Amino acid sequence: MKVAHMALWTRDLEQQAQFWVTFFDAKINEKYCSKTNPGFESYFVTIGEDIAIELMTKPGLTQRTPDNNTSGWAHLAMSVGGRENVDVMATLAKEQGILVSDPRTTGDGYYEAVIQDPDGNLIEIVA
């Protein structure tokens, strides 16, 4: 068994898609615009062979809370290879103002940095 894809609501579909292309070298399919659900649009972004994320938008979405203390997924962890890759991506994220936590070794042994996507969702970049 494996995850077929994950879905992420976003208030800015184009900005969110560009984020995944920039940071994770994602490929994007043609935009889907629903004919039965007015305003619903989505892209599928694929990363490598195994990761697929559906980015979805529609009018009226509310912004998530900045403290990340709501029920639901807390973060996504993306394994990017070695520590050097974590450091490179953290530097890029810092330059773009989206680095939340500098690279460090966590109590459970992960070497990680935390960044946020355009909607403030947390993504752990792990070695």
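What you are looking at is a predicted structure, and each value in this text was computed from that prediction instead of being measured. (Residues numbered from 1 in each chain as written. Predicted model: local features only at pLDDT ≥ 70, side-chain atom pairs only at ≥ 80, totals over all residues. Heavy atoms only, no water.)

Undergrad: What's the story with the sheet that holds strand S7 (residues 99-105) in this structure? I'm lost.
TA: Think of a sheet as strands paired side by side through backbone hydrogen bonds, with each pair either parallel or antiparallel. Spatially, S6-S9-S8-S7 is the arrangement adopted by the four strands of the open sheet, whose pairing is mixed. Edge strands, defined here as strands with exactly one partner in the open sheet, are strand S6 (75-79) and S7. With direction set aside, neighbouring strand axes in the sheet form an average angle of 20°. Two elements, S7 and strand S8 (residues 111-116), share four bridges in a ladder whose sense is antiparallel. When the bridges of S8 are listed, Ser101 appears paired with Val114. (Pairing = 2+ DSSP bridges. Helix = DSSP H or I, 4+ residues; strand = E, 2+ residues; numbered from the N terminus. Axes fitted to C-alpha atoms, helices over the stretch in contact; angles between N-to-C directions.)

Undergrad: Just to check I follow, could you spell out the nonpolar core for this structure?
TA: If you look at soluble globular proteins, the nonpolar side chains tend to sit buried side by side. Residues Trp20 and Phe24 are the most contacted members of the largest nonpolar core, which totals 25 residues. Elements with a minimum of two residues in this core: helix H1 (13-24), strand S4 (41-47), strand S5 (51-57), helix H2 (83-95), S8 and strand S9 (122-126). Top element by residues in this core is H1. It accounts for six residues. Among all residues touching Trp20, those that are not within four sequence positions of it are Leu8, Asp25, Ala26, Val45, Ile47, Ile53, Leu55, Leu76, Met78 and Ile123. (Core = buried A, V, L, I, M, F, W, Y, C linked by side-chain atoms within 4.5 Å. Buried < 20%, exposed > 50% of the residue type's maximum accessible area, 1.4 Å probe, protein only. Contact = heavy atoms within 4.5 Å.)

Undergrad: What's the story with H2 in this structure? I'm lost.
TA: For an α-helix, the turn length of 3.6 residues means that residues three or four places apart are oriented alike. The end-to-end C-alpha separation of H2 is 19 Å, in line with the 18 Å expected for 13 residues at 1.5 Å each. Here H2 has its buried residues at Val86, Met89, Ala90 and Ala93. Projected onto a plane normal to the axis of H2, the buried residues spread over an arc of 105° and lie on a single side. In H2, those exposed residues whose orientation departs by more than 90 degrees from the buried face are Glu84, Val88 and Glu95. Looking at the buried positions of H2, the neighbouring elements they touch are H1, S7, S8 and S9. (Expected span 1.5 Å × (residues − 1). Arc of directions from axis to C-beta.)

Undergrad: Please explain H1 as it appears in this structure.
TA: The terminal C-alpha atoms of H1, which comprises 12 residues, lie 16 Å apart, in line with the 16 Å expected from a rise of 1.5 Å per residue. Buried residues of H1: Leu13, Gln16, Ala17, Phe19, Trp20, Phe23 and Phe24, and no others. The arc enclosing the buried residues of H1, seen along the axis, measures out at 155°, which places them on a common side. Residue Asp25 follows H1 closely and has a positive phi angle near 55°.

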